[in-house]
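One letter stands for each residue in the lines below.
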Amino acid sequence: MREIFAGLPWWVKWVAVPVIALVVFGGLIATVIGFVIGLLFKALIFVALVGGLIYIVRKFMSSSSSRSDW
């Protein structure tokens, strides 16, 4: 493979080949990036919801225990 690229001009190696790769695999790359971003967003929502639930339960538990004290 190196012998093939050795005789080519620099612009073929550093411009044309990456452009062709983006055209061929662009949809796949966009799908993977979209999936990863969607997964991170869902994980962030999950963490926020669990944190909110823990906050509400602790707030409720502390208020109910203070009511029973008197």
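Residues numbered from 1 in each chain as written. Predicted model: local features only at pLDDT ≥ 70, side-chain atom pairs only at ≥ 80, totals over all residues. Heavy atoms only, no water.

- As annotated in an unreviewed UniProt entry, the protein is DUF5326 family protein from Streptomyces brasiliensis.

1. Observations regarding the overall build of the protein
Move 1: Scanning the protein from terminus to terminus reveals two helices and zero strands.
Move 2: Its C-alpha atoms give the protein a radius of gyration of 27 Å, more than 25% over the compact-globule value 11 Å for 70 residues.
Move 3: Its C-alpha atoms put the protein at 90 × 20 × 15 Å along the principal axes.
Move 4: By the burial criterion, 1% of the 70 residues in the protein qualify as buried.
Move 5: Accessible surface, the protein: about 6600 Å² in total, of which carbon and sulfur atoms supply 79%. (Helix = DSSP H or I, 4+ residues; strand = E, 2+ residues; numbered from the N terminus. Rg over C-alpha atoms; globule rule 2.2 N^0.38 Å. Buried < 20%, exposed > 50% of the residue type's maximum accessible area, 1.4 Å probe, protein only. Areas by Shrake-Rupley, 256 points an atom, 1.4 Å probe, with all protein chains shown as cover.)

2. Examining the UniProt feature "transmembrane region" (unreviewed entry) in the protein
Move 1: Within this numbering scheme, the UniProt entry marks residues 12–33 and 39–57 as carrying the feature "transmembrane region" (unreviewed entry).
Move 2: In this annotation, residues 12–33 is assigned 100% helix and 0% strand; the end-to-end C-alpha distance for the span is 27 Å.
Move 3: When the span residues 39–57 is considered, its composition is 100% helix and 0% strand, and the gap between its end C-alpha atoms is 27 Å. (UniProt positions renumbered as here; feature names shortened; annotations may be inferred.)

3. Digging into the environment of V32
Move 1: Looking at the element boundaries, V32 is found in helix α2 (residues 10–69).
Move 2: Each C-alpha atom, one on V32 and one on F60, is 42 Å from the other, the two residues being 28 residues apart in sequence.

4. Re the environment of F5
Move 1: Tracing the backbone through its elements, the reader meets F5 in helix α1 (residues 2–6).
Move 2: Since its relative accessible area comes to 27%, F5 is described here as partly exposed.
Move 3: Considered as a pair, F5 and G51 are 46 residues apart in the sequence and their alpha carbons are 54 Å apart.
Move 4: Every residue in contact with F5, bar those within four places of it in the chain, is listed here: K13 and V17. (Contact = heavy atoms within 4.5 Å.)

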